[in-house]
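# Secondary and tertiary structure notes
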Amino acid sequence: AFGFTRHDGGIGPIEACDLNNLDGTFGDGGIYASAADLVRCDAALREGRLMPADVYREAYARGRLNDAR
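The rules behind the values
Think of each chain on its own: its residues are numbered from 1, step by step along the sequence as written. pLDDT decides what is reported in this predicted model: residues at 70 or higher carry local features, side-chain atom pairs at 80 or more are listed and counted, and totals for whole chains, interfaces and linings draw on all residues regardless. Values reported for side chains reflect all heavy atoms of the structure, with hydrogen atoms and water molecules removed beforehand. Scored from 0 to 100, pLDDT records how confident the predictor is in each individual residue. Secondary structure elements follow DSSP: runs of H or I of four or more residues count as helices, runs of E of two or more count as strands, with numbering from the N terminus. Any carboxyl oxygen of Asp or Glu that lies within 4 Å of a side-chain nitrogen of Lys or Arg is treated as forming a salt bridge with it. Stacked, edge-to-face and tilted labels apply to pairs of Phe, Tyr and Trp rings (six-membered ring for Trp) whose centres lie within 6.5 Å, assigned for plane angles under 30 degrees, over 60, and everything in between, in that order. Residue burial is assigned from relative accessible area. The probe radius is 1.4 Å, only protein chains are included, and a residue is buried under 20% of its type maximum, exposed over 50%, and partly exposed in between. Here, residues are in contact when the closest pair of their heavy atoms is within 4.5 Å.

## Describing the confidence of the model for the protein
- Chain-level statistics for the protein give a pLDDT mean of 79 and a share of 77% at 70 or above.
- Mean pLDDT across the elements of the protein bottoms out in strand β1 (residues 3-6) (78) and peaks in helix α1 (residues 35-46) (91).

## What about the pattern of salt bridges?
- On inspection of all chains with the given rule, the structure shows 4 salt bridges.
- Ionic pairing is found between Arg40 and Asp37, a salt bridge with its closest N-O pair at 2.5 Å. Taken together, the positions of Arg40 and Asp37, both in helix α1 and 3 residues apart, correspond to about one turn of that helix.

## Quick look at the packing of aromatic side chains
- Tallying each qualifying case throughout the model produces 1 aromatic pair.
- Ring geometry for Tyr56 against Tyr60: centres 5.3 Å apart, planes inclined by 55 degrees, an arrangement best described as tilted.
- Since its relative accessible area comes to 15%, Tyr56 is described here as buried.
- In this structure Tyr60 comes out as exposed when scored by relative accessible area, which is 64%.

## Some thoughts on the environment of Thr5
- Looking at the element boundaries, Thr5 is found in strand β1.
- It is 6.2 Å that separates the C-alpha atoms of Thr5 and Cys17, two residues lying 12 residues apart in sequence.
- The contacts of Thr5, once residues within four sequence positions are left out, are Pro13, Ile14, Glu15 and Cys17.

## Topic: the environment of Gly3
- As for its position among the elements, Gly3 is in strand β1.
- Looking at Gly3, the relative accessible area reads 14%, which means it is buried.
- The spatial distance from the C-alpha of Gly3 to the C-alpha of Ala16 is 5.9 Å, given a sequence separation of 13 residues.

Put into structure tokens, the structure is as follows:
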């Protein structure tokens, strides 16, 4: 999603701005994906194509606290 900004001290024309403070892939922005991209990524995770299936399952496994809860 894009935000909007004004240049020239706030009196210039409104322009689309991705509000990305960093260049590259740092998680704060700069990663653009469509809904179809996200579905493909999710499918690859679930099918064990991005990481081993047992590692994926472990991420969703319930843990046990030190007090056995």
